[in-house]
Amino acid sequence: MNYLINLGFPEDIVEVLNHNLPECVINEIKKNEDIVTTNINCLKKLGITNYVDAFANFYNMFLIDTKTFDDIFSKYDNEDLIVKLEKNVAIMEYL
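I will try to describe carefully the structure that is included in this document. All values derive from a computational prediction rather than experimental measurement.

A closer look at helix α6 (residues 66-74)
If you check which residues of α6 are buried, you get Phe69, Ile72 and Phe73. All buried residues of α6 lie within an arc of 85 degrees about the axis, which places them on one face of the element. Packing partners of the buried residues in α6 comprise α4 (33-46) and α7 (78-87). The N-capping residue of α6, defined by a side-chain oxygen 3.1 Å from the backbone nitrogen of Lys67, is Asp65.

Remarks on the nonpolar core
The biggest cluster of nonpolar side chains holds 31 residues, and the ones touching the most others in it are Leu4, Phe9, Ile40, Phe55, Phe62, Phe73 and Met92. Sorting the residues of this core by element identifies α1 (3-6), α2 (11-20), α3 (23-31), α4, α5 (51-57), α6 and α7 as the ones contributing at least two each. Not counting residues within four places of it along the chain, the set of residues in contact with Met92 comprises Ala54, Phe58, Met61, Phe62, Phe73 and Leu85.

Some remarks on the packing of aromatic side chains
In this structure the tally under the stated criterion is five aromatic pairs. Seen in terms of ring centroids, Phe62 and Phe69 are 5.2 Å apart; in terms of plane orientation they differ by 45 degrees. Their pairing is tilted. Residue Phe62 shares its accessibility class with Phe69, and that shared class is buried. Cluster of aromatic residues (ring-pair linked, three or more members): Phe9, Tyr51, Phe55, Phe62, Phe69 and Phe73.

The rules behind the values
- Residues numbered from 1 in each chain as written.
- Predicted model: local features only at pLDDT ≥ 70, side-chain atom pairs only at ≥ 80, totals over all residues.
- Heavy atoms only, no water.
- Buried < 20%, exposed > 50% of the residue type's maximum accessible area, 1.4 Å probe, protein only.
- Helix = DSSP H or I, 4+ residues; strand = E, 2+ residues; numbered from the N terminus.
- Arc of directions from axis to C-beta.
- Contact = heavy atoms within 4.5 Å.
- Polar contact = N/O pair within 3.5 Å; in protein donor to acceptor, adjacent residues only side chain to side chain.
- Core = buried A, V, L, I, M, F, W, Y, C linked by side-chain atoms within 4.5 Å.
- Phe/Tyr/Trp six-rings, centres within 6.5 Å; stacked < 30°, edge-to-face > 60°.

What follows is the structure, given as structure tokens:
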């Protein structure tokens, strides 16, 4: 999962994820590097700065098809979405 570091994740967060996520999840994240990378970049492109927290809490969302992921976020007003996610990343559960 070291590719996460290239996406702006602090090394200590990647280390925590490596030690705390189930091995099957880590394998999926490694196997689906392109999907995870595209979905993280989607959030970064939208201007969401706490994408690391979003991934750490909702890593399963980052494994979904990139078009579906983009559709989830593009149906909301961008500025409103940014404010709400930065205030409380837990709303990702309800998107």
